[in-house]
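# Close look at the chain arrangement
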Amino acid sequence: GIQVEQSPPDLILQEGANSTLRCNFSDSVNNLQWFHQNPWGQLINLFYIPSGTKQNGRLSATTVATERYSLLYISSSQTTDSGVYFCAVDASEGPQGGSEKLVFGKGTKLTVNP
Amino acid sequence: EPEVTQTPSHQVTQMGQEVILRCVPISNHLYFYWYRQILGQKVEFLVSFYNNEISEKSEIFDDQFSVERPDGSNFTLKIRSTKLEDSAMYFCASSWLVGTGELFFGEGSRLTVL
């Protein structure tokens, strides 16, 4: 099955710093999503980005599907950005030619210190 | 913005007891999913559901598990006889399309089996 590798596994920042999180995947994908898991365990949708670039406030994401990677940029980080960031991809063949399940990476644990 | 809601947010149960986790997917979505995350580990696919039947399930989803859409709004996951290793965060998700559609996740139900 498809492999999803995220880097770095851990990242510690001072408030106000910028960061880039990377997601590499081993096969072509139909879907790629980024999530933030907050310290309470809740999974928050960040981006649906199988290709191209999107921005939402201080966060932006870019997926280069032909090179099988995606990047999540966090600018001017805040303590509330702390948590685990997951990349998940969908590549399997389903009954309608698409896929039905996301394969998650192990995540990047981000700690933003005040 | 429409969202997926899950109840309960946290449930504590004794080993061997039956547990039902409930989800209300986004109203016009057609595809429904359950995922599981054991503490400190990756989020893993359990099962997908479409047109009132299971469309795909993982090896984790054994005979102890079942899913149901008892009415037009709820989607449930039942664990018949809980084991210690069922302790995890369970996430419900829904999507309108399969294959190229974004999955929207609920905030999770934390199950603790004692």
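That block above? That's the structure.
A short tour of the structure in this document, coming up. (Residues numbered from 1 in each chain as written. Chains lettered and ligands numbered in written order. Predicted model: local features only at pLDDT ≥ 70, side-chain atom pairs only at ≥ 80, totals over all residues. Heavy atoms only, no water.)

All names here are of chain A. Tallied over the full model, the rule gives 2 disulfides over all chains. Disulfide pairing is shown between Cys23 and Cys87; the S-S distance is 2.0 Å. Here the S-S torsion is close to -60 degrees, and the disulfide linking Cys23 with Cys87 is therefore left-handed. On the criterion of sequence distance, the pair formed by Cys23 in strand S3 (residues 19-25) and Cys87 in strand S9 (residues 83-90) is long-range, its members being 64 residues apart. A residue is classified by how much of its surface remains accessible, and Cys87, at 0% relative accessible area, is buried. (Disulfide = S-S within 2.5 Å. Helix = DSSP H or I, 4+ residues; strand = E, 2+ residues; numbered from the N terminus. Buried < 20%, exposed > 50% of the residue type's maximum accessible area, 1.4 Å probe, protein only.)

Now for the side chain of Ser60(A). Residues and elements named next belong to chain A. Counting through the fold element by element, Ser60 comes out in strand S7 (residues 59-64). Using a relative accessible area of 15% as the deciding quantity, one classes Ser60 as buried. Dropping the residues within four chain positions of it, Ser60 is found in contact with Phe47, Lys54, Gln55, Leu71, Leu72 and Tyr73. (Contact = heavy atoms within 4.5 Å.)

Now for the sheet that holds strand S3 (residues 19-24) of chain B. Residue and element names in this part refer to chain B. Read across the open sheet, the 4 strands follow the order S1-S3-S8-S7; overall the sheet is antiparallel. Sheet topology places strand S1 (5-7) and strand S7 (65-68) at the edges, where each strand pairs with a single neighbour. Averaged over neighbouring strand pairs, the angle between their axes works out to 20 degrees when direction is ignored. Of the strand pairs in this sheet, S7 and strand S8 (residues 75-79) are connected by 4 bridges, and their pairing is antiparallel. Looking at S8, one finds that Val67 is bridged to Leu77. (Pairing = 2+ DSSP bridges. Axes fitted to C-alpha atoms, helices over the stretch in contact; angles between N-to-C directions.)

A few words on the interface of chain B and chain A. With 24 residues of chain B at the interface, the matching set in chain A holds 22 residues. At the boundary of chain B and chain A, one finds 1 salt bridge. Its salt-bridge partner being Lys101(A), residue Glu56(B) comes within 3.2 Å of it at the nearest N-O pair. Our count for the contact surface shared by chain B and chain A stands at 6 residue pairs in polar contact (both at pLDDT 80 or more). Its residues placed into classes, the side of chain B that touches chain A shows 12 nonpolar, 7 polar and 5 charged. (Salt bridge = Lys/Arg side-chain N within 4 Å of Asp/Glu carboxyl O. Polar contact = N/O pair within 3.5 Å; in protein donor to acceptor, adjacent residues only side chain to side chain. Nonpolar A, V, L, I, M, F, W, Y, C, P; charged D, E, K, R; others polar.)

Next up on the list: the pairing of strand S6 (residues 52-56) of chain A. Residues and elements named next belong to chain A. Buried residues are scarce in S6, accounting for 0 of its 5 residues. For S6 and S7, the ladder comprises 5 bridges, and the chain directions are antiparallel. The residue bridging Gly52 from the neighbouring strand is Thr63, located in S7. Adjacent in sequence and paired antiparallel, S6 and S7 are bridged by 2 residues, among which Gly57 carries a positive phi angle near 65 degrees.

Close approach of charged atoms allows side chains with opposite charge to pair. Residue and element names in this part refer to chain B. One pass over the structure, following the stated rule, counts 3 salt bridges over all chains. The partner of Arg36 in a salt bridge is Glu44, with the nearest N and O atoms 3.8 Å apart. Residue Glu44 is classed as partly exposed on the basis of its relative accessible area of 28%.

This part covers a nonpolar patch on the surface. Nonpolar side chains collect at one region of the surface, where Leu30(B), Trp96(B) and Leu97(B) lie side by side and expose about 290 Å² of accessible area between them. Considering the arrangement of structural elements, one finds Leu97(B) in the loop between strand S9 (88-95) and strand S10 (104-105). (Patch = residues over 30% accessible without salt bridge, like charges linked within 9 Å, V, L, I, M, F, W, Y side chains within 5 Å. Areas by Shrake-Rupley, 256 points an atom, 1.4 Å probe, with all protein chains shown as cover.)

All names here are of chain B. As for its position among the elements, Pro25 is in the loop between S3 and strand S4 (31-37). A C-alpha to C-alpha distance of 18 Å links Pro25 and Arg110, two positions 85 residues apart in sequence. If we ignore the near neighbours within four places in the chain, the residues touching Pro25 are Val4, Phe32, Arg69, Ser73, Phe75 and Ser94.

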